[in-house]
Amino acid sequence: MLEDFRLIVDLVSILAAAAVGGIIAGLARQPPLLGYILGGMIVGPAGLGLIKELIQVETLAQFGAAFLLFALGVEFSFSELKKVQKISLGGGGLQILLTILVTTFISVSVGWVNTPQQGVFLGAILSLSSTAVVLKSLMESNETATPHGQVMLGILVVQDLALGFMLAVLPALDRPPAEIGLAVLQAAVKIGLFALGATVFGIWVMPRLLRLLASTESRELFLLGIVTLCLGIALITEQLGLSIEMGAFVAGLMISEAEYADQTLAYVEPIRDVFAALFFAAIGMLIDPRFLWDNWDLILGLVSIVFVGKFMIITPLVRLFGYPLQTALIAGLGLAQIGEFSFVLASEGRNLGLVSRRVYLLLLGTTAVTLVVTPFILRLIPSLFNWIETVPALNRWFQPGEPPLEVTEHVPLEPPIVICGYGRMGQNLATLLAEQNVPVVVVEQSEAAIQRLRDSGIPYIYGNAVSIPVLTRAGLDRARAMVIALPDAMSTRLCLKHALEISPDLDIVVRANQYQDIELLYQLGGSEVVQPEFEASLEMASHLLVKIGLPTVQIQRQVKTIRNSHYMELRPDGAISQNIQAATLGMNRRWYRLSLTSPLLGNSIASASIRPLTGATIVAIQREDGTQINYPNGGTKFELGDSCLVIGSVEEQTLFDQLTKGEIAIPILSPVLATVPEAPVELPHT
């Protein structure tokens, strides 16, 4: 009885430590699993030594790995994999294979491991990247639907799928070299037979069992049945010489395509989260902080090798599959870490004796550091490309000048409306315009979206909407109007800029993914900037106000006022963002102070033809008295002592500098430009 109570105390202690560590990690904007590991290190034998029943805790922690793999199987979507199947299956498979081969060769050559089998095991660990960290970072920056986001998620899906195979083959790696081939073949046969049985069970038995459990209308019974199925199948795979984790993953796959998959995941997630915290905390208990401190230089060296090595493997592979260099670089940097499921492999390999304790601890430390560093790297990527833009020798390699990959056969002869992006908004627009017999051309570079366009018979250009040749091929020079509905801010800004280079007077409607981008997109030349969340709020409010009896004319007038003010009343800060530096983060920007003899003095932005002559955009003007005008309009006049914050490429910045010095002549004022009203938005200098 005392031993049982000791186990309860240990479980409470480690869960409390994991919770505190997770909170600290969350406050530091890091993945919670790092906090769980830290909590385990503190209360473990090498830390404060609070855990006494170590073996029992580690046994219970295995449920964490099982439920992690089970939930992964339930979440796995073959339809999502199909969207980017070429880069996922081809690129993801090659990436895993190359990582294993390179790691095996290097680790055996330098003596990190004693046998090639250990090198293969080490390569398998390094080949996996973090689905949790990458997905969270992409969601925070609203880049899951971008080309690089789709590429990274596609490769991650294949890595997650490969994890099941790795866990199945892992026990065969501890055989003698002469038997390794036979052992792997036996493991493959076992996997094949088990997969066949699982397929039959998943098609004919699992749906009926789920319907039976659901018919009880009892949450408790449904959850109990699901947990029993998961652990029961996991025990079967254990008896077959595979692994518990493999069985749990296959159990999840059986449910993933069933009608109760979402309900199953919703019920299992709380249990998964608790046991996952226990699993990662148990891993932390095995880490010796003193070992990490004594070997910090080696661990940092390994982190550098891992990042550089995986980057050098992934980037060329993505480029090989026809993606732009920028997409390949982002994918290479984003997937260069070691994933959380590598902990599962490392723990299993340690139990099988494939690695020594020293190598195991080095692996854990290296993995943890790469997970910490990844979010910072992903946030620095815009600044990296901003710096590249200032280096002409590098910038020319990143110019989006790729020609279209495919052009539809029935491009409209009439001036079309060009829609960039065929996501949900692009699809709705194309459908509504087609119903009115308005000719449209859609520019898209998602393979799955292009297939939908083919099926629906809508004219399309298969290519990068940021590329000038692609926009030209879409007929932008003769288009009636243009809609930009791209998923990320960087592509949206570049597409808008390049479109105006082709057709300076084109009417362009732009979707702002975040409210902070609204004024900047107007400043860059957008005719109308639409923020979907604000528009949804206006429509819902209009419906409710009509229901309570307010006059329709009054409601429409109020909605029009809000739209004309660029949604000012709906923004969280209630005003234009004064942090202009944050708004232009990741863009090439520079302050210019106007000299006493500058020909711009006395002219307005419109009359000086800033954008037509230079292509640059003024986003702020600092007056001599300290007043700052953020996002000045065309009627804002330049005064003595003004400093201008200008965004644009290196060439555009050079042209603007020449314009301020009189090296480029300002055209004669036209009557239209002369009557542009001056209505700058003035904000106090901060």
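Residues numbered from 1 in each chain as written. Predicted model: local features only at pLDDT ≥ 70, side-chain atom pairs only at ≥ 80, totals over all residues. Heavy atoms only, no water.

Q: Explain the sheet that holds strand S3 (residues 440-444) to me, and be specific about the residues and the numbers.
A: Reading across the sheet, the seven strands line up as S1-S4-S3-S2-S5-S6-S7 and stay open at both edges, with mixed pairing between neighbours. The sheet is open, and its two borders are formed by strand S1 (406-407) and strand S7 (528-530), each paired with just one other strand. The pairing of S3 with strand S4 (residues 460-462) spans three bridges and is classified as parallel. Its bridge partner lying in S4, Val442 is registered against Tyr460. (Pairing = 2+ DSSP bridges. Helix = DSSP H or I, 4+ residues; strand = E, 2+ residues; numbered from the N terminus.)

Q: Just give me the short version of the pattern of salt bridges, but keep the residues and values in it.
A: Applying the stated criterion to the full structure yields 10 salt bridges. Residue Glu406 pairs with Arg454 through a salt bridge whose shortest N-O separation is 2.8 Å. Of this pair, Glu406 sits in strand S1 while Arg454 sits in helix H20 (residues 447-456), placing them 48 residues apart in sequence. For Arg454, a relative accessible area of 34% puts it in the partly exposed group. Between Glu539 and Arg563 there is a salt bridge, and its shortest N-O distance comes to 3.5 Å. Taken together, the residues span a long stretch of sequence, with Glu539 in helix H24 (residues 532-547) and Arg563 in helix H25 (residues 552-564) at a distance of 24 residues. With relative accessibility at 29%, the residue Arg563 sits in the partly exposed group. One network of salt bridges, in which partners are shared, links Lys497, Glu501 and Glu652. (Salt bridge = Lys/Arg side-chain N within 4 Å of Asp/Glu carboxyl O. Buried < 20%, exposed > 50% of the residue type's maximum accessible area, 1.4 Å probe, protein only.)

Q: Break down the side chain of Gln95 for me, citing the residues and quoting the values.
A: Mapped onto the secondary structure, Gln95 falls in helix H5 (residues 85-110). Within the local environment of Gln95, its side chain forms a polar contact with the backbone oxygen of Ser127, the two atoms lying 3.0 Å apart. A distance of 2.8 Å separates a polar atom in the side chain of Gln95 from a polar atom in the side chain of Gln159. For Gln95, the contacting residues outside a window of four places in its chain are Ser127, Ile155, Gln159, Lys310, Ile313, Ile314 and Leu317. (Polar contact = N/O pair within 3.5 Å; in protein donor to acceptor, adjacent residues only side chain to side chain. Contact = heavy atoms within 4.5 Å.)

Q: I'd like a description of the nonpolar core, backed by residues and values.
A: Of all hydrophobic cores here, the largest spans 86 residues; its most connected members are Leu69, Phe70, Phe280, Phe343 and Leu345. Considering every element that reaches this core, the biggest residue donor is helix H3 (residues 54-75), with nine residues. Setting aside residues no more than four positions away along its own chain, Phe70 makes contact with Ile226, Cys230, Ala248, Phe249, Ala251, Gly252, Ile255, Thr264 and Val268. Core analysis: the second largest hydrophobic core is formed by 40 residues, Cys420, Leu500, Phe534 and Met587 among them. (Core = buried A, V, L, I, M, F, W, Y, C linked by side-chain atoms within 4.5 Å.)

Q: Describe the packing of aromatic side chains, naming the residues involved and giving the relevant values.
A: Within this structure, the stated rule accounts for six aromatic pairs. Each ring, one from Phe67 and one from Phe275, has its centre 5.8 Å from the other, and the planes form 40°; the classification is tilted. With Phe67 in helix H3 and Phe275 in helix H12 (residues 261-285), this pair connects stretches of sequence that are 208 residues apart. Centroid distance Phe534 to Tyr567: 5.3 Å. Interplanar angle 50°. Geometry classified as tilted. Here Tyr567 lies in the loop between H25 and helix H26 (580-583) and Phe534 lies in helix H24, a separation of 33 residues in the sequence. Pair check on accessibility: Phe534 and Tyr567 agree, each one buried. Clustering of aromatic rings is evident, with ring pairs tying together Phe63, Phe67 and Phe275. (Phe/Tyr/Trp six-rings, centres within 6.5 Å; stacked < 30°, edge-to-face > 60°.)

Q: Tell me about H5, and name the residues and values.
A: For H5, which comprises 26 residues, the first-to-last C-alpha distance of 36 Å matches the rise-based estimate of 38 Å (1.5 Å per residue) to within 8%. Where H5 is concerned, the buried positions are Ile87, Ser88, Gly91, Gly92, Gln95, Ile96, Thr99, Ile100, Thr103, Thr104 and Ser107. Just beyond H5, the residue with positive phi is Gly111, at close to 85°. (Expected span 1.5 Å × (residues − 1).)

Q: Account for a nonpolar patch on the surface, naming residues and giving values.
A: Side chains of Leu94, Leu97, Leu98, Leu101, Leu320 and Phe321 sit close together on the surface and give an oily, nonpolar patch of about 530 Å² of accessible area. With four residues, H5 is the largest single contributor of residues to the nonpolar patch. Note on placement: Leu101 falls in helix H5. Note on Leu101: relative accessible area 51%, which makes it exposed. (Patch = residues over 30% accessible without salt bridge, like charges linked within 9 Å, V, L, I, M, F, W, Y side chains within 5 Å. Areas by Shrake-Rupley, 256 points an atom, 1.4 Å probe, with all protein chains shown as cover.)

Q: A description of the pairing of strand S2 (residues 417-420) should follow, citing residues and the corresponding values.
A: Here S2 shows two buried faces, one formed by Ile417 and Ile419 and the other by Val418 and Cys420. Traced from S2 through helix H19 (residues 424-435) to S3, the parallel crossover comes out right-handed. With four bridges connecting them, S2 and strand S5 (residues 481-484) associate as parallel partners. Bridge pairing in S5 links Ile417 to Ala481. (Right-handed = clockwise from strand over helix to strand, strands pointing away.)

Q: Describe the confidence of the model for the protein chain, listing the residues and the values that go with them.
A: When pLDDT is averaged along the protein chain, the result is 80, and 88% of the positions lie at 70 or above. Segment residues 670-686 is flagged for pLDDT under 50; beyond a separation of four residues in sequence, or across chains, it makes 34 contacts in the model. (pLDDT = per-residue confidence, 0-100.)

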